[in-house]
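# Breakdown of the fold
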Amino acid sequence: MAAVKQKIHVKKGDMVMVITGKDAGKKGKVLEVFPKKGRVVIEKVNIVKRHTKPTQSMPQGGIFEKEAPIASSNVMLYCTECNNVTRVSVKETEAGKVRVCKKCGVNLPDKK
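To start, this report covers the structure provided alongside it. (Residues numbered from 1 in each chain as written. Predicted model: local features only at pLDDT ≥ 70, side-chain atom pairs only at ≥ 80, totals over all residues. Heavy atoms only, no water.)

Scanning the chain from terminus to terminus reveals zero helices and ten strands. Computed over the C-alpha atoms, the radius of gyration of the chain is 17 Å, more than 25% above the 13 Å expected from 2.2 N^0.38 for a compact globule of 112 residues. Here the C-alpha coordinates of the chain stretch approximately 55 × 35 × 25 Å along the principal axes. Burial statistics for the chain: of 112 residues in total, 29% are counted as buried. For the chain, the share of sequence-separated contacts (at least 6 apart) that also reach a separation of at least 24 residues comes to 40%. Approximately 8,100 Å² of the chain is accessible, and the part contributed by carbon and sulfur atoms is 52%. Taking the average location of the 24 positive side-chain charges in the chain and that of its 10 negative ones, the two points are 6 Å from each other. (Helix = DSSP H or I, 4+ residues; strand = E, 2+ residues; numbered from the N terminus. Rg over C-alpha atoms; globule rule 2.2 N^0.38 Å. Buried < 20%, exposed > 50% of the residue type's maximum accessible area, 1.4 Å probe, protein only. Contact = heavy atoms within 4.5 Å. Areas by Shrake-Rupley, 256 points an atom, 1.4 Å probe, with all protein chains shown as cover. Lys, Arg positive; Asp, Glu negative; His and termini not counted. Charge placed at Lys NZ, Arg CZ, Asp CG, Glu CD.)

A separate point is the sheet that holds strand S1 (residues 15-18). Strand pairing within a sheet occurs via backbone hydrogen bonds; the two strands may be parallel or antiparallel. In space, the six strands of this open sheet follow the order S6-S3-S2-S1-S7-S8, with antiparallel pairing throughout. The two strands at the open ends of the sheet, each matched to only one other strand, are strand S6 (70-71) and strand S8 (84-85). (Pairing = 2+ DSSP bridges.)

This next bit is on the pairing of S1. By the bridge criterion, three bridges tie S1 to strand S2 (residues 27-34) in an arrangement that is antiparallel. Each residue of the ladder has a partner; that of Met15, found in S2, is Lys29. Here three bridges tie S1 to strand S7 (residues 75-79), and the two strands are oriented antiparallel to one another. Residue pairing for S7: Val16 is matched across the bridge by Leu77.

Put into structure tokens, the structure is as follows:
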């Protein structure tokens with residue numbers, strides 16, 4: 001069965017806050033988005049340990065910590081202007097469509 005691509009409300013580079021789970025309340029930047037799985041990877045959130053055998057390229061081996069993906073429904077966009085989590089609205093301007101904070105009305109940066 002093929003995975004269905006889901007619409008995800010955050011983009012790579014957005015500031016988000018985790019609203020549920022063990023990392024609730026943590027803020028970070030979205031590093032990766034997986035639309036087919038409905039998951040996102042956030043900087044310094046959901047850290048897991050990976051045990052790696054020694055290889056020729058990595059003779060030391062050992063235990064490495066890295067970010068694991070979490071469900072996109074567990075994160076909410078964080079507006080740096082009003083310092084709060086918010087939903088997004090889209091406004092039409094002469095430059096095109098722009099994402100806007102629902103609470104303070106400021107244009108959200110469109111960074112990749």
